[in-house]
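Overview (structure and organization)
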Amino acid sequence: MVSRPVVLVHGYSDSDKGFARWRDILRGGDGGPVYDVRVSAYESLSNEISIKDIAEGFDRAMRYQAGLGNDEEFDAIVHSTGMLVVRSWLTTYPKRRDRLKHLIALAPATWGSPLAHKGRSWLGTVFKGNKNPFSPDFMEAGNQVLNGLELGSRFTWDLADDDLFGRETFYGPTKRTPYVFIFCGNTPYEGIRELVNEPGTDGTVRMAGCSLNSRKVVVDLTERAEGTQRVRFSEWKGVCEIPVVVIDGLNHGTIMSEPNEQMVELVQSGLNVSSENGLTKWIEHAKTVSVESTLSKKWQQFILRVVDERGDPITDYNVRIEEDGKELEQFTADVHVYAFDKSLRNFHVDVTDLVDRPMRNLRMNIVASSGTNLIGYVAYMGGEGTAPEATLDISLDLTDQANDLTTKLFYAYTTTVIEIRLDREPMPMGAQSSICRIVQ
């Protein structure tokens, strides 16, 4: 028996029963190694409960129900929303990283799900809502959890700022951080559920949105920008260390109920990785199982947020990418605007024709409107700023960054976060009516 407990964390609207097959496997039901398995169960369908609440409930349950002490080490296997629960738990107190040794994610909703905003609808309530007529949460669908799961949500943006783009490293190839292993199926749903299928998904989550392979790009066009570099790319987090392993023939449900032998072997061997060299060997082996390279289309996610110099959201904007004066239409073919903050937008991009070639005269065009002639936006693209304009229209040259291997813009099965910052200023006297007057 492996001495370190393995805690299983299910997804949205599910229960501990969803891990029945994996629990049997890990307890030696198929003749494999025997693990000390603890199964977490949480409530996700109450409208008053958030993912952060569940994360703290998870901590309490480990102490009082699973019997794990405050400093006791454990491994975790998560499905779907369980990834956000454990990441939220990790970021609350930095010392928690010392406890979690292996994080295995099965079809994780690392960057949310395209189905989440549909779950708040009446149809979502009927199919996924709380069906217990004696519960005070009867027919509720867990609005706060769904808000966090929505594409481009503020929750996933802030969480990534903490654990992916912050100064501290939360996930990596050494014992100082959890070893992370991510899996996703490549097959959509069948039957009545195929109505919700979208390209590049396993029926519920996007293959490009599972991985922790992410980077943040800051386009700071404010007057008081940090340093002189207006476009700053963060380092990639784990591009070579935490790939998504795409398992052929599985969808979001069958990855739990019908995992194949190769996947089971990868999970079991992943739980035994104990060194950077061991992780490297595991990744090399996983690549022989993953069917990522054989897929006909390659996908990438971009999440954009536009704010002013005070960090307040700019909600009326448009962003286009063009090459040699021609718009890359695939960039705006699938865009979702976050319902509760329209400064946040998620772009699902088919990058099949973009990832393996140099870019030619690549430009990002930004149009932002204040909605009033009293207020304008200003962009400092060099030493001087533009004049305040109620509708600002600018173009940035990204050719060098897009072709530099260290700042490569298009990267399949990853998520790129772009934060654009502009100055918001009153229009000058004489140009328009003044927003504020002082008279003697």
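Just above, that's the structure.
Residues numbered from 1 in each chain as written. Predicted model: local features only at pLDDT ≥ 70, side-chain atom pairs only at ≥ 80, totals over all residues. Heavy atoms only, no water.

1. Regarding the overall build of the protein
Where we set the bar: By the criteria applied, helices consist of DSSP H or I runs no shorter than four residues and strands consist of E runs no shorter than two, each listed in order from the N terminus. Only protein chains enter the accessibility calculation, which uses a 1.4 Å probe; a residue whose area is less than 20% of its type maximum is buried, one above 50% is exposed, and one in between is partly exposed. Contact between two residues is taken to exist if any of their heavy atoms lie within 4.5 Å; hydrogens are not considered. Each accessible area is a Shrake-Rupley estimate made with a 1.4 Å probe; only the visible protein chains count as cover when residues are assessed.
The helix and strand inventory of the protein stands at 10 helices and 17 strands. Relative to its full complement of 440 residues, the protein shows a buried share of 54%. For the protein, the proportion of contacts with a sequence separation of at least 24, taken over those separated by at least 6, is 76%. About 19800 Å² of surface is accessible on the protein, with carbon and sulfur atoms providing 49% of the total.

2. Points about the packing of aromatic side chains
Convention followed: Two rings belonging to Phe, Tyr or Trp (six-membered ring only in the last case) form a pair when the distance between their centres is within 6.5 Å. Interplanar angles under 30 degrees mark stacking, angles over 60 mark edge-to-face geometry, and anything in between is tilted.
With the rule as written, the count across this model stands at 10 aromatic pairs. Judged by centre distance (5.9 Å) and plane angle (85 degrees), the ring pair of F58 and W89 falls under edge-to-face. Residue F58 is located in helix 2 (residues 51–64), and its partner W89 is located in helix 3 (residues 82–92); the two are separated by 31 residues in the primary sequence. Accessibility assignment for this pair places F58 and W89 in one class, buried.

3. Let's talk about the packing of helix 2 against helix 3
The criterion, for reference: Only C-alpha atoms enter the line fits that serve as axes; for helices the fit covers just the stretch in contact. Angles between N-to-C directions range over 0 to 180 degrees. Angle categories are assigned with fixed cut-offs, so that under 35 degrees is roughly parallel, over 145 is roughly antiparallel, 65 to 115 is roughly perpendicular, and the rest are oblique. Three classes are used: nonpolar for Ala, Val, Leu, Ile, Met, Phe, Trp, Tyr, Cys and Pro, charged for Asp, Glu, Lys and Arg, and polar for all others, with Gly counted as polar.
Interaxial distance between helix 2 and helix 3 falls to 8 Å at its minimum, and their mutual angle equals 75 degrees. It follows that helix 2 is roughly perpendicular to helix 3 by the angle criterion. Seen from helix 2, the contacting residues are I51, K52, I54, A55, E56, F58, D59 and M62; seen from helix 3, they are L84, V85, S88, W89 and T92. Residue composition of the contact of helix 2 with helix 3, by class: eight nonpolar, two polar and three charged.

4. A look at the pairing of strand 6 (residues 214–220)
Which entries qualify depends on this criterion: In this analysis, strands are considered paired if DSSP registers two or more bridges between them.
Among the seven residues in strand 6, seven count as buried, and that is most of the element. The alternating pattern of strand 6 places S214, K216, V218 and D220 on one face and R215, V217 and V219 on the opposite face, and all of these are buried. Where strand 6 lies against strand 17 (residues 415–426), seven bridges are found, and the strand directions are parallel. Across the sheet, V217 pairs through a bridge with I418, a residue of strand 17.

5. So, helix 2
Applicable threshold: Here the expected length of a helix is defined as 1.5 Å per residue gap, with one fewer gap than residues. This arc describes the spread of directions from the helix axis toward the C-beta atoms.
The first and last C-alpha atoms of helix 2 sit 20 Å apart over 14 residues, in line with the 20 Å expected at 1.5 Å per residue. Of all the positions in helix 2, only I51, I54, A55, F58, D59 and M62 are classed as buried. End-on view of helix 2: buried residues confined to an arc of 145 degrees, all on one side of the axis. Seen from the open side of helix 2, the exposed residues pointing more than 90 degrees away from its buried face are K52, R60 and Y64.

6. Examining the sheet that holds strand 16 (residues 391–397)
Taken in spatial order, the four strands line up as 11-10-14-16 in an open sheet, and their pairing is antiparallel. Bordering the open sheet on either side are strand 11 (326–327) and strand 16, each of which pairs with just one other strand.

7. Quick look at the pairing of strand 16
Residues L392, I394 and L396 of strand 16 are buried on one face, while the alternating residues T391, D393, S395 and D397, pointing to the opposite face, are not. Direction of pairing for strand 14 (residues 362–369) relative to strand 16: antiparallel, over a ladder of seven bridges. Each bridged residue has a counterpart across the sheet, and for N365 the counterpart in strand 16 is S395.

8. Quick look at unusual backbone geometry
With a phi close to 55 degrees, S80 is a non-glycine residue in the positive phi region. One can find S80 in the loop between strand 3 (74–79) and helix 3. On the basis of relative accessibility, which here comes to 7%, the residue S80 falls in the buried class. The phi dihedral of N361 is positive, around 50 degrees, even though this residue is not glycine. Relative to the elements of secondary structure, N361 occurs in the loop between strand 13 (344–350) and strand 14.

9. A few points about helix 3
Counting buried residues along helix 3, 10 of its 11 residues qualify, which places the element largely inside the surrounding structure. Where helix 3 is concerned, the buried positions are G82, M83, L84, V85, V86, R87, S88, W89, L90 and T91.

10. Some points on the packing of helix 3 against helix 6 (residues 154–163)
How we decide: In this scheme the crossing of two helices becomes right-handed for a clockwise turn of the near helix relative to the far one and left-handed for an anticlockwise turn of less than a right angle.
Across the interface, helix 3 lies against helix 6 with an axial gap of 10 Å and an inter-helix angle of 50 degrees. Accordingly, the angle class assigned to the pair helix 3 and helix 6 is oblique. Crossing of helix 3 against helix 6: the hand is left-handed. When helix 3 is examined against helix 6, the residues L84, R87, S88 and T91 are found in contact with a partner set consisting of F155, T156, L159, A160, D162 and D163. Across the contact of helix 3 with helix 6, the residue classes break down as four nonpolar, three polar and three charged.

11. Points about the pattern of salt bridges
Selection rule: Whenever a carboxyl oxygen of Asp or Glu lies within 4 Å of a side-chain nitrogen of Lys or Arg, that contact is scored as a salt bridge.
By the definition in use, this model includes 25 salt bridges. Notably, a salt bridge pairs D308 with R310, separated by 3.5 Å at the nearest N-O pair. Overall, the relative accessible area of 51% leaves R310 in the exposed class. Taken together, the salt bridges that share partners define one network made up of D161, K216, D220, E419 and R421.

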